[in-house]
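So you can see what is in the structure, the chains are spelled out below.
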Amino acid sequence: MQRRPEPELMNDQAQVVAYAQADFSAGDQVLIEQLEPLLANRGSKLKIVDLGCGPGNITLRLADQWSDAEVIGIDGSAAMLSIARKRAEAQGRLTRFLEASIQQLITTTLPVALASADVIVSNSVLHHLHDPQQFWRLVCLLGSPGTVVLHRDLRRPESEQQLNALQQRYLPEAPICLIDDYRASLRAAFTVDEVQSQLQLLGLEQLVVQEEDDRYLSVMGVL
């Protein structure tokens with residue numbers, strides 16, 4: 001299946017509300033469980049950056065799991081961050097959220113708060129980007145030798161038939177905008193081979209790309 005890019009930011013209000021109300025807790029928990037062994041001997045005073053944090057689902061889970069860490073969520077969508085901040089306030093958390101696109105972060109001086117992150121994570125961000133190399137360049141800018149990296153994303157199915165089967169298996173009933181977004185995201189996602197090629201261009205071969213179940217891939221390792 002040929003890759004078909006989708007819009008980079010989710011700003012439509014109906015789209016934002018549907019996404020915020022959806023239950024992604026199972027996938028969010030997978031990321032936390034994958035991260036735990038990578039941080040087993042890292043201490044507690046960590047700086048964790050969540051790229052493309054959306055409404056803050058994973059950002060707040062990270063703050064729960066590593067309560068002594070400084071956790072910063074970044075997203076280019078003001079509408080998504082509005083929900084994230086309300087959730088943090090409702091939970092009594094001081095989690096910091098920053099509105100900025102990846103393009104803005106790689107073309108301007110990085111905020112001091114983002115320098116030398118100990119951990120950089122993202123979930124379902126890479127497939128949104130028209131130029132994925134911008135994402136990996138930002139990872140290099142935010143991190144330093146020793147930074148733990150973990151990114152999860154959808155991977156593109158081989159055919160429209162496989163796409164239909166995935167949608168019926170995992171999202172048979174949902175608001176139509178959420179179903180449309182899910183299908184668009186699968187078409188926009190990358191394959192394992194494509195992500196490996198992206199990493200090679202920046203000399204990031206130490207990061208391991210692997211398939212997860214029938215629809216995800218993960219990228220993990222240490223810079």
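One can find the structure itself at the top, above this paragraph.
Residues numbered from 1 in each chain as written. Predicted model: local features only at pLDDT ≥ 70, side-chain atom pairs only at ≥ 80, totals over all residues. Heavy atoms only, no water.

Participant: Explain the nonpolar core to me, and be specific about the residues and the numbers.
Facilitator: By size, the foremost hydrophobic cluster in this structure holds 30 residues, and its most contacted members are Leu51, Phe135, Trp136 and Val195. At the level of secondary structure, the elements contributing two or more residues to this core comprise β1 (47-51), β2 (70-75), α5 (102-107), α6 (132-142), α9 (192-201) and β7 (216-222). When residues in this core are grouped by element, the largest group, 5 residues, is from α6. Among the nonpolar cores identified, the runner-up in size contains 17 residues, and Leu31, Ile32, Ala69 and Val119 belong to it. (Core = buried A, V, L, I, M, F, W, Y, C linked by side-chain atoms within 4.5 Å. Buried < 20%, exposed > 50% of the residue type's maximum accessible area, 1.4 Å probe, protein only. Helix = DSSP H or I, 4+ residues; strand = E, 2+ residues; numbered from the N terminus.)

Participant: Residue-level account of empty space enclosed by the protein, with values.
Facilitator: Summed over all chains, the structure comprises 1 cavity of 30 Å³ or more. Roughly 30 Å³ of internal volume is contained in the largest cavity. Lining the largest cavity, in full, are Leu126, Phe135, Trp136, His151, Arg152, Asp153, Leu217 and Val219. Put simply, the parts of the chain that give the lining of the largest cavity at least two residues each are α6, β5 (148-154) and β7. (1 Å grid on protein atoms, 1.4 Å probe; cavity = no way out; pocket = protein on both sides within 12 Å on 5 of 7 lines; lining within 4 Å. Points joined across faces, edges and corners; volume = space filled by probe spheres on them.)

Participant: Just give me the short version of the packing of helix α2 (residues 25-38) against helix α3 (residues 57-65), but keep the residues and values in it.
Facilitator: Axis separation between α2 and α3 bottoms out at 10 Å; the angle between their running directions is 45 degrees. The orientation of α2 with respect to α3, classified from their angle, is oblique. The crossing of α2 and α3 is right-handed. Two secondary-structure elements touch here, α2 through Ser25, Asp28, Gln29, Leu31, Ile32, Leu35 and Glu36 and α3 through Asn57, Ile58, Arg61, Leu62 and Gln65. Of the residues assigned to the contact of α2 with α3, the class counts are 5 nonpolar, 4 polar and 3 charged. (Axes fitted to C-alpha atoms, helices over the stretch in contact; angles between N-to-C directions. Parallel < 35°, antiparallel > 145°, perpendicular 65-115°, else oblique. Left-handed = near helix turned anticlockwise from the far one by under 90°. Contact = heavy atoms within 4.5 Å. Nonpolar A, V, L, I, M, F, W, Y, C, P; charged D, E, K, R; others polar.)

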